[in-house]
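Coordinates in review
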Amino acid sequence: MNKIGRDLQADMARATQKEWLVTNGIGGFASSTVPCINTRRYHGILVASQRPPIERVSMVSRLEESVTIDGRQYSLSTSVHKNKITTPDGYAHLERFERNPLPVWYYQIRDVLIIKSLSMVYGQNTTVVTYKLLANGNDVSLKITPHYLFRDFHGNQKETAISNNSLKAGERQLTLKPFSDAPELYMRWDRGTFKEKLQWHKDVYLAVEDERGLPELDDDFSCGSLEIPSFTGSVSVAFSDQPIASFNPIDLRKREEQRLENITNSIESEDQVLKELLLAADQFIVERKSTGGKTILAGYPWFSDWGRDTLIALPGLTLVTNRFDDAKSILKTFASSVKHGLIPNCFADVGNEAAYNSVDASLWFFIAVYKFLEYTDDYSFVKEELLPAMTQIIEAFQKGTIYEIMMDPQDGLISAGNEEMQLTWMDVKIDGKAITPRNGKAVEINALWYNALRIYSLIQEKFGNSSNELKKLAIKVKASFKKTFWNEDKHCLYDYIKSDGTPDDSFRPNQIYAVYLPFELLDSDEEKQITDAVFAKLYTSYGLRSLAPDDPDYEPYYQGNRVARDTCYHQGTVWSFLIGPFISSYLKVNNNSVEAQLRASIMIEPFINHMHNAECLGSISEVFDGDMPPKPAGCFAQAWSVAEVLRCYVEDIKGQKPTLML
């Protein structure tokens, strides 16, 4: 449970730095700051996924709320326009906010208490908001004015003409379609009268977008207010992109609360940290309409599903959590999308197109399959549904495929990309120039390639097929890996080998995968040297730096406009998902000693505190600054960040790691 009291609520600057998120399992969501002052273009009461999990439309931006007590009006909401507060007292009445696990707001005005709660209907683009009144004998009325946007969630809205007859009102319900190309919005309530009045609200100020160097002003509009005179008991209002045939708000909320309770009980434990991580993990597993299966959203509020992120996150989000059917569905989703022998890097925000500009997503597929077998022993599923895709990938990498992804026949190692095409996870380009060029033979790609060969050989042998040639190739790759990447002077690994054969000795976290992955490439002493060096140079409380601080290209802070942020994205910025492979490697090279276990447990604590007190309550941010203070940034809720903390917490800290059944 997350609780925030009056001490923080009264400080609007601090309160708006904390955000909440509610999701619906199909890519839609509701999100804002704790006092419900929108600071991002992505904030809204209903952000609906029109083609799950993509094509997301911000439909309902915010709710303007007020109560009248014994003839005097008080605002519950606060609106900021052009950096000026136009209704200054709303946030000051917020006594407490809690997330347990759904958000609840407590507004105290004199001796009147108003309790607001919000939930979404799982599998639907439907948000339900309920107000409960404890009036202490006062005469109270409530007024709710929904504000709308009807725009792509990546964009900004400006005042424009609204279609004639766009609003159709009925008995305790209305339908709104303000623009010809907009989806319809359905609104329903159980008490009160809706009074129509169309009004645009100009220049809503989005502070975080301003910080990010993006357009910071939005225009939203209202078309009337729901008024409840002599308010007693409770009132609920629902917003949906589909007709609301029947409306039982208590039942809808209870169903979602029961679903979330089942999530927390999916692993038999009284561990509250584990329960919180299970709830955080659930938010990223969503339906994909184009494949009819499940997928993983890389992060909220703006990412869609990415192959690399999905496959790295899959063990923590679906296997550790016993969601094996979801794991199967996700693996099938990506196996069915193989093209050119590659797993998609990402699916587009609109339509069915996928991008294949990744060399590592395909190799992470083998690691995900291996972890799936560790947890399920379901070789039949792998043979029937996944093995053809695995075969395509192995053959494509051996023969060569698009974007200059190919195996060097001399040493068996994989090279990929060129100056125009960056294919590893450090792939930022600005004006056509790579900020972190790694085209050639990258260290983690070849660690993954060796593991893919070993995993594929193991599975083929399980099915009685010969794998002698692949086993010989794996032996060759292992020998080449050490010869090519070991940096004898610094007792660590080179980050990549350039196309001209020159090694790049930038000290980066990619080398930790040579220790973490299941099939070993180096001897134990070398693994220890690598892990110790990573610990000394890259470890922070919130993950690993993407570049060592003593490098002249090191950038300590992730901030500024898009160009400034992209410049430092992989040049020192801390990535929280890397804490997973680091903790696993640290325990491995220290033989899981008591001291190592203690230190690993301490490494988890900052993430738990972050979930309780930092940016998005109940989740883990994508990145952090490389230098102190470690400010969170990027997506406020990132799939692989949550997944890797959860995986290493269960497998390594709690010691509940399965083993492969041969």
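Below, the structure is looked at part by part. As the structure is a computational prediction, the values presented were derived from the model and not from experiment. (Residues numbered from 1 in each chain as written. Predicted model: local features only at pLDDT ≥ 70, side-chain atom pairs only at ≥ 80, totals over all residues. Heavy atoms only, no water.)

Taken in spatial order, the 5 strands make up an open sheet running β34-β35-β36-β37-β38, and their pairing is antiparallel. The strands lining the two open edges of the sheet, one partner per strand, are β34 (539-540) and β38 (632-633). Where strand β35 (residues 543-545) and strand β36 (residues 574-575) come together, 2 bridges link them in antiparallel fashion. Its bridge partner lying in β36, R545 is registered against V574. (Pairing = 2+ DSSP bridges. Helix = DSSP H or I, 4+ residues; strand = E, 2+ residues; numbered from the N terminus.)

In this section: the environment of L174. The residue L174 is located in strand β15 (residues 173-176) in this model. With relative accessibility at 2%, the residue L174 sits in the buried group. Between the C-alpha atoms of L174 and P243, which are 69 residues apart in sequence, the distance is 9.7 Å. With residues near it in sequence (within four places) discarded, L174 still touches L167, K168, A169, L185, Y186, M187, W189 and F194. (Buried < 20%, exposed > 50% of the residue type's maximum accessible area, 1.4 Å probe, protein only. Contact = heavy atoms within 4.5 Å.)

Another aspect to go through is helix α4 (residues 249-264). An ideal rise of 1.5 Å per residue puts 22 Å on 16 residues; α4 measures up with 23 Å between its terminal C-alpha atoms. Every buried residue of α4 is listed here: P249, L252, R253, E256, R259, L260, I263 and T264. For α4, the arc enclosing every buried residue in end-on projection is 145°, short of the 170-degree limit, so these residues lie on one face. Residues of α4 that are exposed and point more than 90 degrees away from the buried face comprise I250 and K254. Those residues of α4 that are buried are in contact with β10 (103-109), β11 (112-120), β12 (126-134), β19 (234-240) and α5 (272-282). (Expected span 1.5 Å × (residues − 1). Arc of directions from axis to C-beta.)

The next subject is helix α8 (residues 360-376). An ideal rise of 1.5 Å per residue puts 24 Å on 17 residues; α8 measures up with 24 Å between its terminal C-alpha atoms. Of all 17 residues in α8, 16 are buried; the element is thus mostly enclosed. Positive phi appears at D377, one or two residues downstream of α8, with a value of about 60°.

Let us look at the packing of α5 against helix α17 (residues 639-653). Where α5 meets α17, the closest approach of the two axes is 10 Å, and the angle between their N-to-C directions is 145°. For the pair α5 and α17, the crossing hand works out as left-handed. For the pair α5 and α17, the contacting residues are V273, L274, L277, L278, A280 and A281 in the first and V642, V645, L646, Y649 and V650 in the second. In terms of residue class, the contact of α5 with α17 is made up of 11 nonpolar, no polar and no charged. (Axes fitted to C-alpha atoms, helices over the stretch in contact; angles between N-to-C directions. Left-handed = near helix turned anticlockwise from the far one by under 90°. Nonpolar A, V, L, I, M, F, W, Y, C, P; charged D, E, K, R; others polar.)

Below, the discussion takes up unusual backbone geometry. Put simply, P52 and P53 share a cis peptide bond, and its omega is 0°. If you trace the backbone, P53 turns up in the loop between β4 (44-51) and β5 (54-69). Going from N100 to P101, the amide bond is cis rather than trans, its omega being -10°. Within the secondary structure, P101 sits in the loop between β9 (94-99) and β10. The phi dihedral of R110 falls on the positive side, at around 55°, and the residue is not glycine. By relative accessible area, which is 47% here, R110 ends up partly exposed. Positioned with a positive phi, Y403 is a non-glycine residue whose angle comes to about 60°. If you trace the backbone, Y403 turns up in the loop between α9 (379-399) and β25 (406-407).

You can see R323 is positioned in the loop between α6 (307-319) and α7 (324-335). On the basis of relative accessibility, which here comes to 15%, the residue R323 falls in the buried class. Here the side chain of R323 touches D282 through a polar contact of 2.9 Å, side chain to side chain. Excluding anything up to four places from it in sequence, R323 contacts Y122, I263, D282, I285, L317 and T318. (Polar contact = N/O pair within 3.5 Å; in protein donor to acceptor, adjacent residues only side chain to side chain.)

For soluble globular proteins, the rule of thumb is that nonpolar side chains tend to be buried together. The biggest cluster of nonpolar side chains holds 212 residues, and the ones touching the most others in it are L317, F365, M390, W449 and I459. Contact partners of L317, with chain neighbours within four places excluded, come to A281, F284, I285, I296, R323, A639, V642 and A643. (Core = buried A, V, L, I, M, F, W, Y, C linked by side-chain atoms within 4.5 Å.)

Here strand β14 (residues 167-170) runs beside β15; their pairing, made up of 4 bridges, is antiparallel. Across the sheet, the residue bridging to K168 is T175, located in β15. Once β14 ends, the chain turns through 2 residues before running back antiparallel as β15, passing R172 with a positive phi of about 55°. Sheet topology note: the β15/strand β16 (residues 185-189) ladder contains 4 bridges and is antiparallel. When the sheet's bridge partners are listed, Q173 is paired in β16 with R188.

Now for the pairing of β5. Summarising burial for β5: 13 of the 16 residues are buried, a large majority. Two strands pair when backbone bridges link them, and β4 and β5 are joined in this way by 5 bridges, in the antiparallel orientation. Of the residues in β5, the one forming a bridge with R51 is I54. As consecutive antiparallel partners, β4 and β5 are separated by 2 residues. Here β5 runs beside strand β13 (residues 140-152); their pairing, made up of 11 bridges, is antiparallel.

Taken in spatial order, the 3 strands of this open sheet run β29-β32-β33, and their pairing is antiparallel. Only two strands of the sheet have a single partner each, and these edge strands are β29 (441-442) and β33 (503-504).

To continue, consider the packing of aromatic side chains. Inspection of the entire model under this criterion finds 39 aromatic pairs. For the ring pair W575 and W640, a centre distance of 6.3 Å and an interplane angle of 80° mean the geometry is edge-to-face. With W575 in strand β36 and W640 in helix α17, the pair connects residues that are 65 residues apart, well separated along the chain. Both residues of the pair, W575 and W640, count as buried. (Phe/Tyr/Trp six-rings, centres within 6.5 Å; stacked < 30°, edge-to-face > 60°.)

What follows concerns the pattern of salt bridges. Counting across every chain of the model gives 44 salt bridges. K371 serves as the salt-bridge partner of E374, at 3.2 Å between the closest nitrogen and oxygen. Of this pair, E374 and K371 both sit in helix α8, 3 residues apart, which is roughly one turn of the helix. The burial state of E374 is the same as that of K371; both residues are buried. Note that R438 is salt-bridged to E444, the shortest N-O span being 2.7 Å. Accessibility expressed as a relative area gives 2% for R438, which makes it buried. (Salt bridge = Lys/Arg side-chain N within 4 Å of Asp/Glu carboxyl O.)

Limitation: the analysis is restricted to geometry and does not speak to function.
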